[in-house]
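# Fold and geometry: a report
The chain contents come next:
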Amino acid sequence: MDEKKNRAEQIFNDMIQTIKEKQVDLDQAIAEYTGGPVKPAMDVAEDNNQIVVKTDLPGVDREDIKIDLTEDSLEIQAHFKKETEEKTEEGGVTYHRKERRYGTATRVVVLPSKIKMDEVTAKFENGVLTVTMPKLDKKETYAVKVE
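What this report covers is the structure whose coordinates are included nearby. This is a predicted model, so every value here is computed, not measured.

For the rest of this paragraph, the subject is the overall build of the protein. From N to C terminus, the protein includes 1 helix and 7 strands. Along the protein, helices (α) and strands (β) appear in the sequence α-β-β-β-β-β-β-β when read from the amino end. Within the protein, the proportion of its 147 residues that are buried is 23%. Contacts spanning at least 24 positions in sequence make up 58% of the contacts within the protein whose residues lie at least 6 apart. With the model as given, the accessible surface of the protein reaches about 11,700 Å², and the carbon-plus-sulfur share is 49%.

Structure (structure tokens):
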């Protein structure tokens, strides 16, 4: 019976992973259709003491990033500015391909644990925003004696 349960769990986990991978493709297709920026890629990692969220924000200035936080969710909003096109003496610039999007992109993630909001730090380096959030309390388990 355990073998069937493990196999069913593996199939379910594979399905979830496929859906997550296709979500990225869907987000990109929607952005292309609407002309808006693609949702930034995001990693969420957790250990016993903290949650770390890394978000790729290439081409964004530090002052164009907004972070909204609750004890159990994080919202990152970034404004991608359109570059000023320089005119040449011949009258313009010729684009052979134009794929970069401009506008505002937002990502919201529900955090796996509650956090200490007053101890959260954010760092923006080389186009990557790293938000480090200490956990509110460590998950501990206690053995309870049954009488």
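Still more to cover.
A word on the sheet that holds strand E1 (residues 42–46). Strand order in the open sheet made by the 4 strands is E1-E2-E7-E6, with antiparallel pairing throughout. Edge positions in the sheet fall to E1 and strand E6 (121–125), since each has one partner strand and no second. Adjacent strand axes in the sheet meet at a mean angle of 15° when their direction is disregarded. In this sheet, strand E7 (residues 128–134) lies alongside strand E2 (residues 50–56) in antiparallel orientation, the contact comprising 7 bridges. Residue Val52 lies in a different strand from E7, and its bridge partner there is Thr132.

Within the secondary structure, Ser73 is located in strand E4 (residues 73–80). Polar side-chain contacts of Ser73 include one of 2.8 Å to the side chain of Thr70. Other than its neighbours up to four places away in sequence, Ser73 contacts Asp68, Val109, Val110 and Leu111.

Okay, the sheet that holds strand E3 (residues 65–69) next. A sheet is described by the order of its strands in space; here 3 strands give the open sequence E3-E4-E5, paired in antiparallel fashion. Looking along the sheet, the strands with just one partner apiece sit at the ends: E3 and strand E5 (103–110). The average undirected angle you get between the axes of adjacent strands in this sheet is 15°. Here 5 bridges tie E3 to E4, and the two strands are oriented antiparallel to one another. When the sheet's bridge partners are listed, Ile67 is paired in E4 with Ile76.

Conventions and cut-offs
- Residues numbered from 1 in each chain as written.
- Predicted model: local features only at pLDDT ≥ 70, side-chain atom pairs only at ≥ 80, totals over all residues.
- Heavy atoms only, no water.
- Helix = DSSP H or I, 4+ residues; strand = E, 2+ residues; numbered from the N terminus.
- Buried < 20%, exposed > 50% of the residue type's maximum accessible area, 1.4 Å probe, protein only.
- Contact = heavy atoms within 4.5 Å.
- Areas by Shrake-Rupley, 256 points an atom, 1.4 Å probe, with all protein chains shown as cover.
- Pairing = 2+ DSSP bridges.
- Axes fitted to C-alpha atoms, helices over the stretch in contact; angles between N-to-C directions.
- Polar contact = N/O pair within 3.5 Å; in protein donor to acceptor, adjacent residues only side chain to side chain.

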